[in-house]
Amino acid sequence: MKVALVHDYLNQMGGAERVVLAFHEMFPDAPLYTSIYDPRRVDAAFRNIDIRTSFMQKLPLVKKHHQPFLPLYPFAMERLDLRGYDLVLSSSSAFGKGVIVKPGTLHICYCHTPMRWCWNYDEYVEREGLGKLPRAVLPFIITGLRVWDQTTAMRVDHFIANSPVVAERIAKYYRRESVVIPPPVEASRFHFDPATQPEDYFLIVSRLLPYKRIDLAIQACNLLQLPLVIIGGGRSEARLKQLAGPTIRFMGRLSDDEVLHYYAHCRALILPGEEDFGITPLEAQASGRPVIAYGAGGALASVIDGVTGRFFVAQTTESLASALSTFDERDYDPLTIRNHALEFDKPRFQRRMLQFIEAKMSAEKTQNQRGQQAVQTPGSELVR
């Protein structure tokens, strides 16, 4: 069976990119097709993969500032040459699902979310603080992208959603059914010792982007004078540093070993944004540490309120500050938290994915055989 992998773009590292690496472990000979690729901005493991990019790879500045090239991505994905494959497995939160495959190719899409900025446009504009010119031009582009997004959903044979909330969005915007397979956490990577004593800090591990709502955590910790460690980088970094008081530490991008240390010794991870699923809460739980999360979106699937963490109910500084002021990490059992994370371990994810793929490939083969028999059988009924 010849397999091809597809991903939107490879110029940043997050949970979606770790899903792609898990796919490649399942199909190590499969090439990976994408719009653009910057090896400096993603995990070094991608350098061992046969990565095939679109014409956008040659455009100036696209790897560092990919947003202004928004109108080009549909053309780039549709021009990828995916002839000769039995299975195309796409990982998509935007354009990857829009690839064109031959009639005999099975296309399964692992959907992280329908385009968030396309279907939640007003919230996107508000948080990004866009100027007058982008606000004037973008609505015309977004309208076209919504049509393209819905149209290309019909090119996918089967959808897999990464969480129940994403399955609801797929049903709403694409009118398609999906099964839910949560993304993996590589639990063996994370240090766990139930006797570890936490240090006096809360933790955020995230790209520094507006929709992550890291500003809420900074303002809440400013208010309560609580230590907060922030790991990660992004275009909101300068603005967030201006908000931060003396108890906030920005660590930038750290090595994996350094991140693992901070996970294992924090009082709790804070997740202030609404995520489609969110890998970092599971990474903290794999380290035996609880999570304080906004009670919406993917956190509802990865955190058990009162057992592996707690939710704050409104996405406001006051609500988060209230949760932090009454939080006591001694109320949570590290072993119970760790065991919950193991339910999302990478080998389980890969088994579930392979079972789903094998079932759909088998059903497709059976259907094709029946179709051939119907054509070859004399006297078969035809629709007139």
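Everything below is about the structure shown above.
Reference entry: report on the structure contained in this document. (Residues numbered from 1 in each chain as written. Predicted model: local features only at pLDDT ≥ 70, side-chain atom pairs only at ≥ 80, totals over all residues. Heavy atoms only, no water.)

### Notes on the side chain of histidine 24
Turning to step 1, where the next piece is worked out: Structurally, histidine 24 can be placed in helix H1 (residues 15-26).
Turning to step 2, where the next piece is worked out: Residue classification places histidine 24 among the buried positions, given a relative accessible area of 12%.
Turning to step 3, where the next piece is worked out: Within the local environment of histidine 24, its side chain forms a polar contact with the backbone oxygen of proline 28, the two atoms lying 3.2 Å apart.
Turning to step 4, where the next piece is worked out: Among residues more than four places away in sequence, those in contact with histidine 24 are Leu5, Ala30 and Ile49. (Helix = DSSP H or I, 4+ residues; strand = E, 2+ residues; numbered from the N terminus. Buried < 20%, exposed > 50% of the residue type's maximum accessible area, 1.4 Å probe, protein only. Polar contact = N/O pair within 3.5 Å; in protein donor to acceptor, adjacent residues only side chain to side chain. Contact = heavy atoms within 4.5 Å.)

### Thoughts on the pairing of strand E4 (residues 87-92)
Turning to step 1, where the next piece is worked out: Buried residues dominate E4, accounting for 6 of its 6 residues.
Turning to step 2, where the next piece is worked out: A two-sided burial pattern is seen for E4, the buried positions comprising Leu87, Leu89 and Ser91 on one face and Val88, Ser90 and Ser92 on the other.
Turning to step 3, where the next piece is worked out: Examined bridge by bridge, E4 and strand E5 (residues 106-111) share 6 bridges and lie parallel to one another. Each bridged residue has a counterpart across the sheet, and for serine 91 the counterpart in E5 is tyrosine 110. (Pairing = 2+ DSSP bridges.)

### As for the sheet that holds strand E2 (residues 32-34)
Turning to step 1, where the next piece is worked out: Strand order in this open sheet of 7 strands is E3-E2-E1-E4-E5-E6-E7, and the pairing throughout is parallel. Here the strands that pair on one side only, and so sit at the sheet edges, are strand E3 (51-53) and strand E7 (178-180). Averaged over all pairs of adjacent strands, the angle between strand axes in this sheet comes to 25 degrees, irrespective of strand direction.
Turning to step 2, where the next piece is worked out: Sheet topology places E5 next to strand E6 (residues 158-161); 4 bridges connect them, and they run parallel. The residue of E6 that forms the bridge with isoleucine 108 is histidine 158.
Turning to step 3, where the next piece is worked out: Lying over the sheet, H1 contacts strand E1 (3-7), E2, E4 and E5, oriented at roughly 175 degrees with respect to E1. (Axes fitted to C-alpha atoms, helices over the stretch in contact; angles between N-to-C directions.)

### A word on the sheet that holds strand E11 (residues 268-271)
Turning to step 1, where the next piece is worked out: The sheet built from 6 strands is open, its strands ordered E10-E9-E8-E11-E12-E13 with parallel pairing. Each having just a single partner strand, strand E10 (248-252) and strand E13 (309-312) make up the two edges of the open sheet. Along the sheet, successive strands turn relative to each other by an average axial angle of 25 degrees, direction set aside.
Turning to step 2, where the next piece is worked out: Seen against the sheet, helix H7 (residues 214-224) touches strand E8 (202-205), strand E9 (228-231), E10 and E11 and runs at an angle of roughly 160 degrees to E9.
Turning to step 3, where the next piece is worked out: Of the strands in this sheet, E8, E9, E10 and E11 touch helix H9 (residues 256-265), which is tilted by about 140 degrees from E8.

### Re the pattern of salt bridges
Turning to step 1, where the next piece is worked out: As enumerated under the stated definition, the model contains 17 salt bridges in all.
Turning to step 2, where the next piece is worked out: Among the ionic pairs, arginine 52 bridges to aspartate 50, the shortest N-O distance being 2.7 Å. (Salt bridge = Lys/Arg side-chain N within 4 Å of Asp/Glu carboxyl O.)

### Structural notes on the nonpolar core
Turning to step 1, where the next piece is worked out: One finds Tyr73, Leu82, Phe95, Met115, Trp117 and Phe159 to be the most contacted residues of the largest nonpolar core, which totals 40 residues.
Turning to step 2, where the next piece is worked out: For this core, the secondary-structure elements that each account for two or more residues are E1, helix H2 (73-78), E5, helix H3 (116-119), helix H5 (132-153), E6 and helix H6 (164-174).
Turning to step 3, where the next piece is worked out: Per-element tally for this core: the top contributor is H6, with 6 residues.
Turning to step 4, where the next piece is worked out: Those residues within four positions of methionine 115 in sequence are excluded, and the remaining contacts are Ser93, Ala94, Phe95, Trp148, Asp149 and Tyr174. (Core = buried A, V, L, I, M, F, W, Y, C linked by side-chain atoms within 4.5 Å.)

### Quick look at the packing of aromatic side chains
Turning to step 1, where the next piece is worked out: Under the counting rule described, the total for this entry stands at 15 aromatic pairs.
Turning to step 2, where the next piece is worked out: Between the aromatic rings of tryptophan 119 and tyrosine 173, the centroid separation amounts to 4.5 Å while the plane-to-plane angle is 15 degrees, which identifies the pairing as stacked. With tryptophan 119 in helix H3 and tyrosine 173 in helix H6, this pair connects stretches of sequence that are 54 residues apart.
Turning to step 3, where the next piece is worked out: Taking relative accessible area as the criterion, tryptophan 119 reaches 18% and is therefore assigned buried.
Turning to step 4, where the next piece is worked out: An aromatic cluster is defined as three or more aromatic residues linked by ring pairs; in this entry it consists of Tyr9, Tyr73, Phe95 and Trp148.
Turning to step 5, where the next piece is worked out: Directly above the aromatic system of tyrosine 85 lies the positively charged group of lysine 2, at a separation of 5.3 Å from the ring centroid. (Phe/Tyr/Trp six-rings, centres within 6.5 Å; stacked < 30°, edge-to-face > 60°. Lys NZ or Arg CZ within 6 Å of the ring centre and 35° of its normal.)

The analysis is restricted to geometry; functional conclusions fall outside its scope.
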